[in-house]
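Structure assessment
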Amino acid sequence: MLALKMSDHRRNALKTVLQLMCQLLWVVGLVVGLSGVYLLMKYRQSSLFFSHTYITLPAIFALSSAVVLVVTGCLGSWLSLKDSTCLQGLFVYLLVLVFCLESTASALAYFQSTQVDSEIAPLRGVFQKYAGSRQDPNSHAVDATQAELQCCGVHDYKDWLDTSWFNRTGGHSVPHSCCNSTFTSCNGTLDQPWKLYTQGCQMKLEMVFQFVLSFIIWGSPLVFVVEIALFLTIAQLMREQPLMEYQVLGKN
């Protein structure tokens with residue numbers, strides 16, 4: 001009787017741990033999902049600067065992993081309230097699936113982080129096509145990027161001196177989006193270069209994508225640690241599962 005009580009206490013403790021770990025799984029899934037969404041949003045804003053769409057692959061796998069993480073967390077929470085060998089097996093299967101998806105996302109993110117500089121090679125070409133019109137997609141992308149990232153030109157403001165737009169407009173100023181927001185009197189003229197952003201957009205753009213890719217890269221070890229704890233917990237619960245009693249039916 002005492003052993004049975006201790007077994008019940010142990011199972012209740014394991015179920016509490018499972019519930020807490022599943023809540024942590026939801027948090028991890030939220031972080032992984034948000035990193036994927038953020039990467040897709042940044043790519044959508046800067047798609048003209050990229051030669052391929054491969055950089056979106058880590059985001060797609062991260063979002064898939066986040067969805068399965070949330071579903072797995074819900075199933076784990078249900079298991080903390082109800083015993084089911086079948087659902088426990090499904091829970092383990094989903095954990096393995098999450099690990100595969102997250103590992104793939106992390107590997108792709110690492111590979112893309114080493115290729116960011118070559119992926120944004122078309123950046124200079126987009127700047128060369130600048131027309132100064134908001135209706136023009138190239139011009140809109142350049143102005144939005146310079147204003148948001150607080151940058152000017154590909155490497156610095158001097159890159160504008162080689163553009164056809166600069167020569168066409170008299171060669172006296174750069175786009176107003178190059179103006180440092182702290183100087184309200186800035187009109188983009190080159191006689192006051194200290195009022196312009198000093199850093200180029202290529203470096204700033206690389207930093208943004210390296211930052212969000214690093215979130216996806218480090219998401220995999222975090223998921224792995226949580227999953228190890230969940231594997232150990234569910235294994236103990238399966239060991240503590242009461243054996244089903246079978247009875248031989250007598251002949252009528």
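In every chain, residue numbers begin from 1 and rise along the written sequence. Confidence filtering applies because this is a predicted model: local features only for residues at pLDDT of at least 70, side-chain atom pairs given and counted only at 80 or more, and all residues used for totals across whole chains, interfaces and linings. Side-chain metrics rest on all non-hydrogen atoms present in the structure, leaving aside hydrogens and water.

A look at the overall build of the protein
Heads up, the rule is: Note on conventions: DSSP H or I runs of at least 4 residues are helices, E runs of at least 2 residues are strands, and numbering of each starts at the N terminus. C-alpha atoms define the radius of gyration, and 2.2 Å times the number of residues to the power 0.38 defines the globule rule. Buried means the residue's accessible area, taken with a 1.4 Å probe over protein chains only, is under 20% of the maximum for its type, while exposed means over 50%, and partly exposed covers the values in between. Where accessible areas are quoted, they stem from the Shrake-Rupley method and a 1.4 Å probe; at the residue level, only the protein chains shown are allowed to cover. Asp and Glu count as negative and Lys and Arg as positive, but His and the ends of the chain are not part of the count. The atoms used to mark charge sites are NZ of Lys, CZ of Arg, CG of Asp and CD of Glu.
Each helix and strand counted, the protein has eight helices and zero strands in total. Mapped from its N terminus to its C terminus, the protein presents α and β elements in the order α-α-α-α-α-α-α-α. The C-alpha atoms of the protein give 28 Å as radius of gyration, which overshoots the globular expectation for 252 residues (18 Å, by more than 25%). Projected onto the principal axes, the alpha-carbon positions of the protein cover approximately 105 × 35 × 30 Å. Put simply, the protein has 252 residues, and 41% of those count as buried. In the form shown here, the protein has an accessible surface area of approximately 14300 Å², with 65% of it arising from carbon and sulfur atoms. A gap of 8 Å separates the mean positions of the 16 positive and 16 negative side-chain charges of the protein.

Brief notes about the packing of helix H3 (residues 85-113) against helix H8 (residues 201-239)
Counted only if it meets this: Axis definition: a line fitted to C-alpha atoms, limited for helices to the stretch in contact. Angles are taken between N-to-C directions and run from 0 to 180 degrees. Put simply, angles under 35 degrees are roughly parallel, angles over 145 are roughly antiparallel, angles from 65 to 115 are roughly perpendicular, and the rest are oblique. Note on convention: the crossing is left-handed when the near helix lies turned anticlockwise from the far helix by less than a right angle, right-handed when the turn is clockwise. Residues were grouped as follows: Ala, Val, Leu, Ile, Met, Phe, Trp, Tyr, Cys and Pro as nonpolar; Asp, Glu, Lys and Arg as charged; and all remaining residues, including Gly, as polar.
The interhelical angle for the contact between H3 and H8, taken along N-to-C directions, is 160 degrees, at an axis separation of 9 Å. Classified by the angle between their axes, H3 and H8 sit roughly antiparallel to one another. Between H3 and H8 lies a crossing of left-handed hand. Looking at the contact of H3 with H8, its residues break down into 19 nonpolar, eight polar and two charged.

Some details on the environment of Ala105
Residue position: Ala105 is located in helix H3. On the basis of relative accessibility, which here comes to 0%, the residue Ala105 falls in the buried class. The spatial distance from the C-alpha of Ala105 to the C-alpha of Ser51 is 20 Å, given a sequence separation of 54 residues.

Some words on the confidence of the model for the protein
Where we set the bar: Confidence scores per residue from the predictor, reported as pLDDT, run from 0 to 100. Note on definitions: a residue-residue contact is assigned when non-hydrogen atoms from the two residues lie within 4.5 Å.
In the predicted model, the protein carries a mean pLDDT of 85, and the fraction of residues at 70 or more is 91%. Counting interchain partners and residues more than four positions distant, the pLDDT-below-50 stretch residues 2-6 has zero contacts.

Details of the nonpolar core
Heads up, the rule is: Take the buried Ala, Val, Leu, Ile, Met, Phe, Trp, Tyr and Cys residues and link them wherever side-chain atoms come within 4.5 Å; each set so joined is a nonpolar core.
Counting residues in hydrophobic clusters, the biggest one holds 60 residues, and the most contacted among them are Leu18, Phe91, Trp160, Phe209 and Leu230. Sorting the residues of this core by element identifies helix H1 (2-46), helix H2 (57-79), H3, helix H5 (123-128), helix H6 (137-149), helix H7 (164-168) and H8 as the ones contributing at least two each. Ranked by the residues each element gives to this core, the list is headed by H8, at 13 residues.

Observations regarding the state of the cysteines
Worth spelling out the cut-off: Only a pair of cysteine sulfur atoms within 2.5 Å counts as a disulfide in this structure description.
This model, assessed by the stated rule, comprises three disulfides. Cys179 shares a disulfide with Cys186; S-S distance 2.2 Å. Every disulfide takes its handedness from the sign of the S-S torsion; for Cys179 and Cys186 that torsion is -70 degrees, giving left-handed. For the residue pair Cys179 and Cys186, the accessibility class agrees, reading buried in each case. For the protein, the disulfide bridges join cysteines in the arrangement 1-6, 2-3, 4-5, where the cysteines are counted in sequence order. With no disulfide of its own, Cys22 lies closest to Cys74 among cysteine sulfurs, the gap being 8.8 Å. Sulfur of Cys100: no disulfide; nearest cysteine sulfur belongs to Cys22 and is 19 Å away.

Focus: the packing of aromatic side chains
Stated precisely, the cut-off is as follows: Put simply, two rings from Phe, Tyr or Trp (the six-membered ring, in Trp's case) pair if the centres are within 6.5 Å, and we call them stacked under 30 degrees between planes, edge-to-face over 60, tilted for the rest.
Per the stated rule, a full pass over the model turns up eight aromatic pairs. Look at Phe127 and Trp160: their rings are 5.4 Å apart centre to centre, the planes differ by 55 degrees, and that puts the pair in the tilted class. Of this pair, Phe127 sits in helix H5 while Trp160 is found in the loop between H6 and H7, placing the two residues 33 residues apart along the sequence. Like Trp160, Phe127 is buried. Seen in terms of ring centroids, Trp160 and Trp165 are 5.8 Å apart; in terms of plane orientation they differ by 70 degrees. Their pairing is edge-to-face. Both residues of the pair, Trp160 and Trp165, count as buried.

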